[in-house]
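Each chain, written out:
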Amino acid sequence: MGKTIAQKIFEEHLVDTPFPNTYVLKLDRVFCHEITTPIAINDLVERNKDRVFDCTKIKAVIDHVTPAKDSKTATQGKILRDWARRQNIKDFFDIGTNGVCHAIFPEKGFVRPGYTVIMGDSHTCTHGAFGAFAAGVGTTDLEVGILKGVCSFREPKSIKFVLNGKLKAGVFAKDVILKLISTIGVNGATNCVVEFTGPVVDNFDMEERMTICNMAVEAGATSGICYPDEKTVDYLWDFIKDEYSSKEEALKAYSKWRSDDDAEYEKVYTLDLSDLQPVCTFGYKPDQVKTIKEMEGTPVNQIYIGSCTNGRISDLRIAAKVLKGHHLADGVRGIVSPATPKIYKMALEEGIIDIFMDAGFCVTNPTCGACLGMSNGVMAEGEVCASTTNRNFNGRMGKGGMVHLMSPASAAATAIKGTICNSELYK
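Notes on the structure follow. (Residues numbered from 1 in each chain as written. Predicted model: local features only at pLDDT ≥ 70, side-chain atom pairs only at ≥ 80, totals over all residues. Heavy atoms only, no water.)

## Some remarks on the sheet that holds strand E17 (residues 361–363)
Sheet strands line up and pair through hydrogen bonds in the backbone, either parallel or antiparallel. For clarity, the threshold we go by: Pairing between strands is defined by DSSP: at least two bridges between them are needed. In DSSP terms, a helix is any run of H or I states spanning at least four residues, a strand is any run of E spanning at least two, and both are numbered starting from the N terminus. Between the N-to-C directions of two axes lies an angle of 0 to 180 degrees, each axis being a line fitted to C-alpha atoms and, for a helix, fitted only over the stretch in contact.
Strand order in this open sheet of five strands is E17-E16-E15-E18-E19, and the pairing throughout is parallel. Both outer strands of the open sheet, E17 and strand E19 (402–405), are each paired with one neighbouring strand and no more. When the angles between neighbouring strand axes are averaged without regard to direction, this sheet yields 20 degrees. With three bridges connecting them, strand E15 (residues 302–306) and strand E18 (residues 384–387) associate as parallel partners. Its bridge partner being in E18, glutamine 302 is matched across the sheet by cysteine 385.

## A look at the pattern of salt bridges
Definition in use: In what follows, salt bridge is the name for a side-chain nitrogen of Lys or Arg lying within 4 Å of a carboxyl oxygen of Asp or Glu. Accessibility here uses a 1.4 Å probe with only protein chains present; expressed as a share of the type maximum, an area under 20% marks a residue as buried, one over 50% as exposed, and anything in between as partly exposed.
Taken as a whole and judged by the stated rule, the model has 18 salt bridges. Between glutamate 143 and arginine 47 there is a salt bridge, with the nearest N and O atoms lying 4.0 Å from each other. Taken together, the positions of glutamate 143 in helix H5 (residues 139–148) and arginine 47 in the loop between helix H2 (37–46) and strand E4 (58–61) put the pair 96 residues apart, joining distant regions of the chain. On the basis of relative accessibility, which here comes to 11%, the residue glutamate 143 falls in the buried class. The salt bridge partner of glutamate 243 is arginine 112, with a shortest N-O separation of 3.1 Å.

## Points about the packing of helix H13 (residues 313–323) against helix H16 (residues 408–417)
Keep this limit in mind: For classification, angles of less than 35 degrees are called roughly parallel, those exceeding 145 degrees roughly antiparallel, those between 65 and 115 degrees roughly perpendicular, and all remaining angles oblique. For a crossing to be left-handed, the near helix must be turned anticlockwise from the far one by less than a right angle; the clockwise case is right-handed. Contacts are assigned to residue pairs that have any heavy atoms within 4.5 Å of one another. Asp, Glu, Lys and Arg are counted as charged, while Ala, Val, Leu, Ile, Met, Phe, Trp, Tyr, Cys and Pro are counted as nonpolar; the rest, among them Gly, fall into the polar class.
It is at 8 Å that the axes of H13 and H16 come closest, and there the two elements cross at 30 degrees. One finds that H13 runs roughly parallel with respect to H16. Taken as a pair, H13 and H16 cross one another with a handedness that is right-handed. Across from Asp315, Ile318, Ala319, Val322 and Leu323 in H13, the residues of H16 making contact are Pro408, Ala409, Ala412, Ala413, Ala415 and Ile416. Its residues assigned to classes, the contact of H13 with H16 shows 10 nonpolar, no polar and one charged.

## Topic: the nonpolar core
Where we set the bar: Residues enter a nonpolar core if they are buried and are Ala, Val, Leu, Ile, Met, Phe, Trp, Tyr or Cys, with the set joined through side-chain atoms within 4.5 Å.
Ranked by internal contacts, the top residues of the largest apolar core, which has 65 residues, are Phe105, Phe161, Leu163 and Phe196. When residues of this core are assigned to their parent elements, the largest contribution, seven residues, is made by helix H6 (residues 173–184). Excluding residues within four positions of it along the chain, phenylalanine 196 makes contact with Phe161, Ile177, Leu180, Val201, Ile212, Cys213, Ala216, Gly224, Ile225 and Cys226. One finds Ala319, Ile352, Val384 and Ala412 within the second-largest nonpolar core, a separate group that totals 43 residues.

## Some words on the environment of cysteine 55
Tracing the chain through its elements places cysteine 55 in the loop between H2 and E4. The exposure class assigned to cysteine 55 is partly exposed, which follows from its relative accessible area of 25%. Excluding its chain neighbours within four sequence positions, the residues that come into contact with cysteine 55 are Gln87, Asn88 and Ile89.

## Notes on unusual backbone geometry
In this structure, proline 67 follows threonine 66 across a cis peptide bond, with omega equal to -10 degrees. Secondary-structure assignment places proline 67 in the loop between E4 and helix H3 (71–86). With a phi close to 60 degrees, asparagine 48 is a non-glycine residue in the positive phi region. Within the fold, asparagine 48 resides in the loop between H2 and E4. With phi around 65 degrees, asparagine 191 is a residue other than glycine that occupies positive phi space. Within the fold, asparagine 191 resides in the loop between H6 and strand E10 (192–197). The exposure class assigned to asparagine 191 is partly exposed, which follows from its relative accessible area of 41%.

## Re the sheet that holds strand E7 (residues 133–136)
A sheet is described by the order of its strands in space; here five strands give the open sequence E5-E4-E3-E6-E7, paired in parallel fashion. Strand pairing shows two members of the sheet lacking a second neighbour, strand E5 (92–93) and E7, which therefore form its edges. Pairing geometry for strand E3 (residues 29–33) and strand E6 (residues 116–119), over three bridges, is parallel. Along E6, the bridge assignment pairs arginine 29 with valine 117. Its contacts with the sheet place H5 against E3, E4 and E6, and it is angled at close to 125 degrees to E3.

## Focus: the environment of cysteine 368
Tracing the backbone through its elements, the reader meets cysteine 368 in the loop between E17 and E18. Relative accessible area serves as the criterion here: at 10%, cysteine 368 is assigned to the buried category. Apart from the residues lying within four places of it in its own chain, the contact partners of cysteine 368 are Asp63, His64 and Val100.

## Description of the pairing of E3
Side chains on a regular strand alternate between the two faces of the sheet. Let me state the cut-off plainly: Look down the strands so they point away from you; if the path from the first strand over the helix to the second goes clockwise, the crossover is right-handed.
Among the five residues in E3, five count as buried, and that is most of the element. What you see with E3 is no split at all: Arg29, Phe31 and His33 on one side and Val30 and Cys32 on the other are buried throughout. Strand direction decides the pairing type here: E3 and E4, joined by four bridges, are parallel. In the sheet register, valine 30 faces E4, and the bridge partner there is isoleucine 58. Chirality of the crossover, the property in question, places the unit of E3, H2 and E4 among those that are right-handed.

Next comes the structure, spelled out in structure tokens:
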């Protein structure tokens, strides 16, 4: 019987099997941010275990509330900052160099095919776009990972999506993942690894693959994974060129991180997405999805473009293409947050920031703040936001607020009209 990519990664990293169906894996990367990591740091200090397994494999960033909004968030940042200095963690991104974790860490080339990655953040599954097993964990597992460089997982069961067809103009990766989540439900992939395969995924660039893997957790998945290919090698080349004599050699080495043809799956979903329309959420769960056409006319108070789902340069380019020459509708406020300083700089150089500002948007520094309702775009009770983020739970972006998840193109179009609508890119 063949093996899935997850099974292959588990076998390569296996340290111990202390209990049936429990696998202790060696970790290639432990990612940290200032919300969940300080608790682990403080506990290690209290236990006289203030050390790390390998300072070169730990990467840390202040990203959720940046700059700090009050004394509490400033303290969280200080704990992480002092710890990074104490443990000689060179890849620590502080105010000014920091970006949204699941955007800046791939941008820096920290993830490779076949890697095992954990972080105290549920959207760590984003990094599966590179053919890695990447999972969000709780603080206890994060603490063990920091100290020992290992983490325990259940036997990796897998679900496979085969996405056929060609997307229509104006339909994007965000529409695809919302469609898939609505197909299987928020519990449809619980305790499973989700593989995204087929022509649609093959045609996606790495940023689009990160978008779909990012939201695998919204279907309950432990991780989302795409197979590494030429696009993966191209994206990583500046970081791996000293390890391989050519891109062809790198591709050959990475090609082992694919599922075998006769691998077994819990379920396989084969979908033709040729007729997929732009979609958005309508309730308080990510699987509550309707077409934009069905939601047309729904009024909004705020537009948010950013996050680890859709704050990359390709997302800003798409939104700017829709916004150019237009302005926010009366009574609607717009916020855009480029996900990293590099993305911000590219957007400046390409005139994208000018387009947003001319349209009336507030342009913020890279931050997760609005997405989880902590800063830089929190809504008031009764307000509605068209957002390119990943969660629409009740109160997610502000107590009593409603969030409609959608693509950057749909969000930009909605900004202009003031009510949910399709973008001019959709033909």
